[in-house]
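# Residue-level structural notes
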Amino acid sequence: MKKKLLALTLAVSLLAGALAGCTRPQAQTTPTPAPTQTPEATATPTPAGEKADVRLAVLKGPSGVGAAGLIAGSEAGETANHYQVTIAAANDEVVAGLSRPDDPIDIAAVASNVAANLYNKTDGGVQVLAVSGLGVLYILENGDSIGSMADLKGRTLYATGQGANPEYVLNYLLTENGVDPAEVDIQWKTADEITALMASGEAEVCMLPVPAATGVLMKNENVREALDLSAEWDALQNGSRLTMTTIVARTEFIQENPQAVEAFLADYEASVDYINGDPAAASELVARYEITPSAKIAELAIPKCALVCITGADQIKGVIQGYYEVLWQANPQSIGGGIPDDGFYYGG
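Now for a description of the structure that goes with this document. Every residue gets a number counted from 1 within its own chain, in the order that chain's sequence is written. Only residues with pLDDT of at least 70 are given local features in this predicted model, and only at 80 or more are side-chain atom pairs given and counted; all residues enter the totals for whole chains, interfaces and linings. The basis for every side-chain value is the complete set of non-hydrogen atoms in the structure, without hydrogens or water.

### Points about the pattern of salt bridges
The term salt bridge refers to a side-chain nitrogen of Lys or Arg lying within 4 Å of a carboxyl oxygen of Asp or Glu. Evaluated as defined, the whole model comprises nine salt bridges. Among the ionic pairs, Asp-106 bridges to Arg-250, the shortest N-O distance being 2.6 Å. In this pair, Asp-106 is assigned in the loop between helix H3 (91-98) and strand S3 (107-111) and Arg-250 in strand S10 (residues 243-250), connecting sequence segments 144 residues apart. Of the charged contacts, one joins Arg-224 and Glu-141 as a salt bridge, the two residues approaching to 2.9 Å between their closest N and O atoms. Remark: Glu-141 occurs in strand S5 (residues 137-141) and Arg-224 occurs in strand S9 (residues 224-228); sequence separation between them is 83 residues. A residue is classified by how much of its surface remains accessible, and Arg-224, at 24% relative accessible area, is partly exposed. Per-residue accessibility, obtained with a 1.4 Å probe over protein chains only, is compared with the maximum for each type, and a residue is labelled buried under 20%, exposed over 50%, and partly exposed between these values. Among the residues examined, Glu-141 registers a relative accessible area of 2% and is labelled buried. Where helices and strands are cited, they refer to DSSP runs of H or I of at least four residues and of E of at least two residues respectively, numbered from the N terminus.

### Section: the sheet that holds strand S4 (residues 126-134)
Only strands joined by at least two bridges in the DSSP assignment are considered to pair. An order of S2-S1-S3-S10-S4-S11 is seen for the six strands of this open sheet, with the pairing classed as mixed. Among the strands making up the open sheet, the edge pair consists of strand S2 (82-88) and strand S11 (307-310). Each strand of the sheet is rotated relative to its neighbour by a mean of 25°, with strand direction disregarded. Both strand S1 (residues 53-59) and S3 contribute to a ladder of two bridges, which runs parallel. Its bridge partner lying in S3, Leu-56 is registered against Ile-107. Interaxial angles span 0 to 180 degrees and are taken between N-to-C directions of axes, which are lines fitted to C-alpha atoms, for helices over the stretch in contact.

### Comments concerning the packing of helix H2 (residues 62-75) against helix H11 (residues 279-288)
Between H2 and H11, the least distance of the axes is 9 Å, while the angle of their chain directions is 80°. For the element pair H2 / H11, the angle class is roughly perpendicular. Seen from H2, the contacting residues are Val-65, Ala-68, Gly-69, Ala-72 and Glu-75; seen from H11, they are Leu-285, Val-286 and Arg-288. Across the contact of H2 with H11, the residue classes tally to five nonpolar, one polar and two charged. Relative orientations are named as follows: roughly parallel for angles under 35 degrees, roughly antiparallel for angles over 145 degrees, roughly perpendicular for angles from 65 to 115 degrees, and oblique for any other angle. When checking whether two residues touch, look at their non-hydrogen atoms; a contact exists if any pair is within 4.5 Å. For this classification, the nonpolar set comprises Ala, Val, Leu, Ile, Met, Phe, Trp, Tyr, Cys and Pro, the charged set comprises Asp, Glu, Lys and Arg, and every other residue, Gly included, is treated as polar.

### Focus on unusual backbone geometry
Between Val-210 and the following residue, Pro-211, the backbone shows a cis peptide bond with an omega angle of 10°. Tracing the backbone through its elements, the reader meets Pro-211 in the loop between strand S8 (205-209) and helix H7 (212-219). At Asp-103, a position not held by glycine, the phi torsion is positive, near 55°. Residue position: Asp-103 is located in the loop between H3 and S3. Although it is not a glycine, Gln-237 sits at a positive phi angle of roughly 50°.

Below, the structure written as structure tokens:
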């Protein structure tokens, strides 16, 4: 375990570069799968009938929204595992937690490109347990002049997510619609900064994920949803789906605690089903855990959060590999230099 944790620790500094932004390398002909090293188990699984203690990290936003039912259930003693939960503001906080040599995070929600980065740069130190979120990105406009990605040419666009999925998705969609990203004045800001600019009318166009986008629409009635980037992605008919968020776990934890992993997947699926099935009630939990600023924002955002719990190696690969191929063609370093091989996908 110490060897693999050391690999994860070393990967933090490497991932910092990926999260901060990457330069586009020269085109290559075919992706090169990353090698897999499978560590040996070093501990005894949690005995049947006993609750495992699981250190879980989720992000504010959609991944946190999907876990709200699980968090509440754990507090009430109703989940199969007991969860010690961290709600983080950014992917790099979670990456750092996964690499801590003492008391590391066991399971975490991260952006899908970050999951691939971690796998590639730790020689298989993590595996993906589930796809937890599809596309949640929207172009909002304080006006009525944008009806396509091509209309962003020459405009100033305030956006969040530099160095992560939002940047790669935006660049890909612009390019595929005949716009060089350099032809758009992209101003990278935090979601809170963009919300303030759009609410005041100082900014005209932005790209934000739900639920931040929902908050802007509530604060300024003149702002409208101009483009749904999931729909723009689907319109390209490239054989992939926009897949934004995944659940990963340390490989050692998976091998040492197979029952806890299976219990987590059941707990998380139940949480997603609850959130999607009753947004009004679930929104109160989401606000209680400060995953969104208010219950009202959460209630309006949940139907657009694209929350899912797709498990099984073949099913996960079928949903996400096409997306990784698109990212690899756009910028191999966005996923750590290579499309993950089959060892990336947890099959139970």
